[in-house]
Amino acid sequence: TETGYVTRWEDFYFLPRVLESLKKATDSGYRIVVISNQQCVGKGYIKAEELDALTDNIKSSMKEAGVDVAGVYYCVHHKKEDCSCRKPKPGLFHAAQDDFEIKDVEGCFYIGDSARDIVAGKAAGMKTILVLSGKSEPSQVENWDDKPDYICKDLADAVDIVLKEGE
């Protein structure tokens, strides 16, 4: 899109193997929690209600595919606001942890596609997996201060790691 953000359902799509992988995790007893920066709201590209409707459509599609989404947490602030919920700060992770009464995040993973995701997951005390199906290239990782615990080509490979670690 011209803004660089998905702001309409018509522009949204799941990457290959995402739904199947998330179903596998759900079927294995893992809770799926989405934590995402969506400053498109803070920038005025989309209203919060429109983001909610888009999210509802995404969750419905996931449910139809057998994926149970336990929670969705968005930071809608512009990065200039320097809020505590915008990744790489762990505010939304702590909110989810409180909401789901998770006392210890051992065994919890955060899967993301950017350095900011890895920093946030580490700050929340989680194991982190970088997927290369998004914003980051393997060559960039060597310059990061916070390195992911694992690097995978896509979500399917990341879910396989989570399931193996959980055995």
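You'll find the structure just up there.
These numbers come from a predicted model, not from an experiment.

Caption draft 1: Structural view of the pattern of salt bridges. Tallying each qualifying case throughout the model produces ten salt bridges. A salt bridge links arginine 17 to aspartate 157, with the nearest nitrogen and oxygen atoms 3.5 Å apart. Here the residue arginine 17 occupies a position in the segment before α1 (18-27), and aspartate 157 occupies one in helix α6 (residues 155-165), the gap between them amounting to 140 residues. Between aspartate 149 and lysine 122 there is a salt bridge, with its nearest N and O atoms 3.1 Å apart. Taken as a pair, aspartate 149 in the loop between α5 (138-141) and β5 (150-152) and lysine 122 in helix α4 (residues 115-123) lie far apart in primary sequence, 27 residues in all. Overall, aspartate 149 belongs to the partly exposed group, its relative accessible area being 38%. Exposure remark for lysine 122: the relative accessible area of 29% places this residue in the partly exposed category. Each of Arg8, Glu10 and Asp11 takes part in one network of salt bridges that share partners.

The rules we used
- Residues numbered from 1 in each chain as written.
- Predicted model: local features only at pLDDT ≥ 70, side-chain atom pairs only at ≥ 80, totals over all residues.
- Heavy atoms only, no water.
- Salt bridge = Lys/Arg side-chain N within 4 Å of Asp/Glu carboxyl O.
- Helix = DSSP H or I, 4+ residues; strand = E, 2+ residues; numbered from the N terminus.
- Buried < 20%, exposed > 50% of the residue type's maximum accessible area, 1.4 Å probe, protein only.

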